[in-house]
Amino acid sequence: MASSLPAAPAAATRHFADDLRQRSDTALAALLRARPDLAAPSPSTLRSLAARASSRSSLERALARADALTMQVLEAVLALEPVLGPLPGPLSTEVITWALGGSPADRPRVETAIHRAVEQALLWDTRGGSDAVPAAPADLRTVPGLDELLGPNPAGLGPHLEPVPDGLPEAVGHALGAAADRSGTAAAVDKLLAGAPPGARAILDALAWGPPVGVVPAAGTRPRDAVNWLVTEHLLVRSDARHVVLPRMVGLALRNGHTHREARTLPPEPQGRTVHTATADAEAASAALELVRRVRLLRQSWDENPPSVLRAGGLGVRDLRKVAAQLETDERATAFVVEMASLAGLVRDDGDAPPSYVPTVTDWDDLDDAARWARLVEAWLASRRAPWLVGSRDDKGALRAPLSPDLQRPWVPRLRNGVLGVLAAEPAGDTVLAPTPESVVEVLTWHTPRSVPPASAVEGLLSEAEWLGVTGAGALSTPGRVLLPDVSEAQVTPVTRTSDTWAGGALAAALRAVLPHEVDEILLQGDLTGIVPGRPSRELARLLERATDIESRGAATTVRFSPASVTRALDQGETADGMLDELAHRSPVPVPQPLEYLIRDTARRHGAVRVGSASSYLRAADATVLAGLEHDPTLVGLGLVRLAPTVLAASVPAAALHEALRNRGLVSALEGPDGRVLVARRGVTGRAMPAPRSAAAIRMGSAHDAATRTPDPETLVAELRAVEEAARAGARARADAAEVARSVATSGGGIPLRGYRVVGSRPRTEITAVEQLAGTPSGAPEPPMPGGEPDAARAAASADDTGDHTGAEPLDEDAGTQHPADGLALLRDALRDGSTVIIEVAGHTGQLERRELKPLNLDGGRLRALDPNREAELTIAVHRIASVLPTSPAP
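Residues numbered from 1 in each chain as written. Predicted model: local features only at pLDDT ≥ 70, side-chain atom pairs only at ≥ 80, totals over all residues. Heavy atoms only, no water.

Let us look at the overall build of the protein. On a plain count of helices and strands, the protein comes out with 32 helices and 27 strands. Counting every position in the protein, which comprises 891 residues, the buried fraction comes to 44%. Within the protein, contacts between residues at least 6 apart in sequence are counted, and of these 66% link residues at least 24 apart. Element-wise, carbon and sulfur atoms account for 54% of the exposed surface of the protein, whose accessible area totals about 44500 Å². (Helix = DSSP H or I, 4+ residues; strand = E, 2+ residues; numbered from the N terminus. Buried < 20%, exposed > 50% of the residue type's maximum accessible area, 1.4 Å probe, protein only. Contact = heavy atoms within 4.5 Å. Areas by Shrake-Rupley, 256 points an atom, 1.4 Å probe, with all protein chains shown as cover.)

Right, let's get into the confidence of the model for the protein. On average, the protein scores 78 in pLDDT, and the residues at 70 or more come to 79%. Taken together, the stretch residues 1–13 has pLDDT below 50 and engages in 22 contacts with residues farther than four places along the chain or on a different chain. This model gives residues 680–700 a pLDDT under 50, and the stretch forms 3 contacts once residues within four places in sequence are excluded. (pLDDT = per-residue confidence, 0-100.)

Let us now look at the pattern of salt bridges. Throughout the structure, instances matching the rule amount to 34 salt bridges. The shortest N-O distance in the salt bridge between Arg 400 and Asp 406 comes to 2.8 Å. A relative accessible area of 13% means that Arg 400 is categorised as buried. Ionic contacts of the salt-bridge type, sharing partners, join the residues Arg 56, Glu 60 and Glu 148 into one network. (Salt bridge = Lys/Arg side-chain N within 4 Å of Asp/Glu carboxyl O.)

Turning our attention to the nonpolar core. In this structure, Val 73, Leu 74, Ile 96, Leu 123 and Leu 230 are the most contacted members of the largest nonpolar core, which totals 82 residues. No other element matches helix α5 (residues 68–80), which puts 10 residues into this core. The next biggest cluster of nonpolar side chains, apart from the first, holds 61 residues, and it includes Ala 374, Val 377, Leu 420 and Leu 462. (Core = buried A, V, L, I, M, F, W, Y, C linked by side-chain atoms within 4.5 Å.)

The next point concerns the sheet that holds strand β5 (residues 243–245). Across the sheet, 3 strands lie side by side as β3-β5-β4; this open sheet has antiparallel pairing. Looking at strand neighbours, the two that pair on one side only are β3 (213–215) and β4 (237–238), the edges of this open sheet. (Pairing = 2+ DSSP bridges.)

Time to look at the side chain of Glu 464. With respect to the secondary-structure elements, Glu 464 resides in helix α20 (residues 455–468). Within the buried set, Glu 464 has no salt-bridge partner at all; the shortest N-O distance to an opposite charge, 4.8 Å, is to Arg 416. The contacts of Glu 464, once residues within four sequence positions are left out, are Phe 336, Trp 380, Pro 387 and Trp 388. (Lys, Arg positive; Asp, Glu negative; His and termini not counted.)

Below, the discussion takes up the pairing of strand β25 (residues 862–867). Taking every second residue as pointing to the same face, the buried face of β25 carries Leu 863, Ala 865 and Asp 867, while none of Arg 862, Arg 864 and Leu 866 on the other face is buried. Here 5 bridges tie strand β24 (residues 848–859) to β25, and the two strands are oriented antiparallel to one another. Paired with Asp 859 across the two strands is Arg 862, which belongs to β25. Turn length for the β24-β25 hairpin, with the two strands adjacent in sequence and antiparallel, is 2 residues, and the turn residue Gly 860 shows positive phi of about 65 degrees. When β25 meets strand β26 (residues 872–877), the two strands line up antiparallel, connected through 6 bridges. Bridged to Leu 866 within β26 is Glu 873.

A few words now on the side chain of Ser 616. Its place among the elements puts Ser 616 in strand β18 (residues 616–619). With near-sequence residues (within four places) excluded, Ser 616 lies in contact with Leu 648, Ala 649, Ala 650, Val 652, Pro 653, Ala 654 and Leu 657.

The first and last C-alpha atoms of helix α17 (residues 369–381) sit 18 Å apart over 13 residues, in line with the 18 Å expected at 1.5 Å per residue. Burial runs high along α17: 10 of the 13 residues are buried. Buried within α17 we find Ala 370, Ala 371, Arg 372, Trp 373, Ala 374, Leu 376, Val 377, Ala 379, Trp 380 and Leu 381. Residues of α17 that are buried in the fold lie against α14 (277–304), α16 (331–343), α18 (412–423), α20, α21 (478–481) and α22 (506–514). (Expected span 1.5 Å × (residues − 1).)

A few words on the packing of α14 against α16. Packing of α14 against α16 brings their axes to within 10 Å, and their N-to-C directions diverge by 75 degrees. Regarding the angle of α14 to α16, the classification is roughly perpendicular. The segment α14 lies against α16, with Leu 291, Arg 294, Val 295, Leu 298 and Trp 302 engaging Ala 333, Phe 336, Val 337, Val 338 and Ala 341. When grouped by side-chain class, the residues that make up the contact of α14 with α16 number 9 nonpolar, no polar and 1 charged. (Axes fitted to C-alpha atoms, helices over the stretch in contact; angles between N-to-C directions. Parallel < 35°, antiparallel > 145°, perpendicular 65-115°, else oblique. Nonpolar A, V, L, I, M, F, W, Y, C, P; charged D, E, K, R; others polar.)

It is worth spelling out the sheet that holds strand β19 (residues 641–644) at this point. The strands making up a sheet associate through backbone hydrogen bonding, with each pair oriented either parallel or antiparallel. Read across the open sheet, the 3 strands follow the order β18-β20-β19; overall the sheet is antiparallel. Looking at which strands have only one partner, the edges of the open sheet turn out to be β18 and β19. Sheet twist, expressed as the mean angle between neighbouring strand axes with direction ignored, is 30 degrees. Sheet topology places β19 next to strand β20 (residues 647–650); 3 bridges connect them, and they run antiparallel. Looking at the pairing, Ala 644 lines up with Val 647 of β20.

Here the focus is the packing of aromatic side chains. Under the criterion given, the structure shown has 4 aromatic pairs. Arranged with centres 5.8 Å apart and planes meeting at 25 degrees, the rings of Trp 302 and Tyr 357 form a pair that is stacked. Highlighted residues: Trp 302 in helix α14 and Tyr 357 in strand β8 (residues 357–359), separated in sequence by 55 residues. On the basis of relative accessible area, Tyr 357 is assigned to the buried category, the value being 7%. Geometry around Trp 380 places Arg 416 over its ring, the cationic atom sitting 5.0 Å from the centre. (Phe/Tyr/Trp six-rings, centres within 6.5 Å; stacked < 30°, edge-to-face > 60°. Lys NZ or Arg CZ within 6 Å of the ring centre and 35° of its normal.)

Time to look at the environment of Arg 201. Along the chain, the position of Arg 201 falls in helix α11 (residues 200–208). Take Arg 201: its relative accessible area is 37%, and that puts it in the partly exposed class. Separated by 25 residues in the primary sequence, Arg 201 and Ala 226 place their C-alpha atoms 8.8 Å from one another. If we skip the residues at most four places from it in the chain, Arg 201 touches Val 189, Asp 190, Leu 193 and Leu 254.

Okay, unusual backbone geometry next. Ala 40 connects to Pro 41 through a cis peptide bond whose omega is -5 degrees. Relative to the elements of secondary structure, Pro 41 occurs in the loop between α2 (25–34) and α3 (46–53). Residues Gly 210 and Pro 211 are joined by a peptide bond in cis, for which omega reads -5 degrees. With respect to the helices and strands, the residue Pro 211 is situated in the loop between α11 and β3. One non-glycine residue, His 234, adopts positive backbone phi at about 65 degrees. Along the chain, His 234 turns up in the loop between α12 (222–232) and β4. When its relative accessible area of 33% is taken as the criterion, His 234 is described as partly exposed. With a phi close to 55 degrees, Glu 871 is a non-glycine residue in the positive phi region. Tracing the sequence through the fold places Glu 871 in the loop between β25 and β26. On the basis of relative accessible area, Glu 871 is assigned to the exposed category, the value being 72%.

Below, the structure is given as structure tokens:
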């Protein structure tokens, strides 16, 4: 049985590039917004835009963002395209709705999906409907190259083969057409199977919904006899000795004209348990305060003992475990705290040798808890890092560490917003839904079936939202809902917001609204403990942090005073009288005597032995030389302290001290550790290292650079239209020149054709000669041509070869090699139509060879084509193709 495609209908004479060319400026701008990769870098022509829109890489990006309904529409159109010949009428919205197994109620959603696919140039209408999908008539086609991505069996249907059993095309046409009676398909199949051996119908039913390929049973068995009968009746086709395939028309007949069992017009509903909104908000508020507290403790810990940076970057396992013990949590949650502190710019690599992680100098300590939390949320929502991968191993078997460069993932913001969109799908009320991770993955899979998110990534993002306080008890909290204020259904597109929307604004205010009320008192007890009946105020929290140790947390916080905690407060500048006065002011009962004794006794012993630091010293043999220097107001910045009658210590380096004394008039000298005077040498001083930019500044700068490089869609469309108009003007000039050449050939006149340069076997300057004709002033005398008519006829014939026969843009051969996008567009059009093109290929000697070829496959940078004149196939590297021209039609 021969395999062939039916002839394309008369309506499908337009090409995809012509469809883009005929779209309005608004439609082209919408295409560039929906597929931003088409505008970076900017295409040179509309044909270049069409070639880029049909390229494999761009189509993969577009399909990665397509939902399940859009994918079903594309599969249905691709599956029904080859069988349009036997079907009555065009491939319209009604036909696609029926093919998807949808009901009339599903038609508006299917029509919306078709409109979206046409807007994104995944489908195009051969009847001219490009700006919007008309209800009728419409004849839809897939963009060139889409069949390579969707595979040879779209919707599980086999290849289209001819001939097919009598009655099936008409039956399938009635099933897909507008006829009210759709029962003819089943009747036609039953009629064909009336005399079938046992098991034949079961074999067809097994292959009907795919995959359409089956293994041939063993010889001499009843299933083998049934397969042989089906092959004889053209209901199955042998693909090789061991396999049979179900033809597409037979598969459609068995499916009653459907390409899919049912239309997936709506995403699945997430499943889970319901949680009271008040409970979710309370849990979220508690998690937010705990995260802020842990970040504060992290900064304090690394300020006292900065951990080292690993050679490959990141925090070591020992340091991570040490921080986890200090924060009283597991390593997984600790890694998230460390990542959040780094993303918010609260800790960083100090850049020393060896480097360490240290806290930064920020206004963090001056903010309240809600503003601190808002800053952390802002950093989390814009982050591209995946902290949930900490502890896993990379491809080389190395353990991934917190703050490691290996945790960067560019798809994290999109997936994070998708997860938040699923959580926010249900409107807020008295109760909210806490979906399971499996149901979240199921919903996200409907939105992006070709890029299914990993279940581990979804679970990690849900855990991060729980630790951050965006969710509470598994449900989206009221502060978390502020992150996606306009979400009415699950979204998977990242939402761009500025920090002004959150920090100190709506997000911080939303958290303050659900936080428990602050208390400003502490109940002191005789056993050196105190109880705070609620969330301590900002001032009380600072006092407790400095002077106490936390024993328990909950609805009330229990703290304990100890010699170590009181010493810590004294180290930070507190005094015994100041602490006792503040405690008496905040306690409803008098300060217990044991606590007063503890504070005063610790303060009396504090500072009995003092330790200081000095960067340089000043000594002299005569004490009178140093008299009064430590009291000199001009030297107050040196930090001079007298250690002995002949020795002064300074807080500045020796070079600065030496320079200051010289300026004062003292002739000092620098000495080394051994007491000898140093000899000054000229040398190269070190260079100052600039402070690195913050992550937010880097992101804003990258976004600004990208916006600067990528032009506005409307501006780019206007530029493409200008290039298009210039090309049309050039085409009209060449057409006028060709007409002049024809008239010269007919009249027998002659014009000298100069500047011929023969490449391969073809003159390359025929267009130049014609352009010379076009440039000849009207009325100027025409010089005679040697040889008369033959050369003029050759010029006319060459002018005909350069005409715009297929609606393609004329090629300016004098400008050098053709633009690659134009050549690829012509090759794809030839692949789609099964036509031939004229290809110029650079040979091994560097000369151009011109051949008329029929493209068979274009993939991986190579073109496989058939040479009809030599009846041979050849493979050509795309980079060796200089130009592609459409085959000229017969005169």
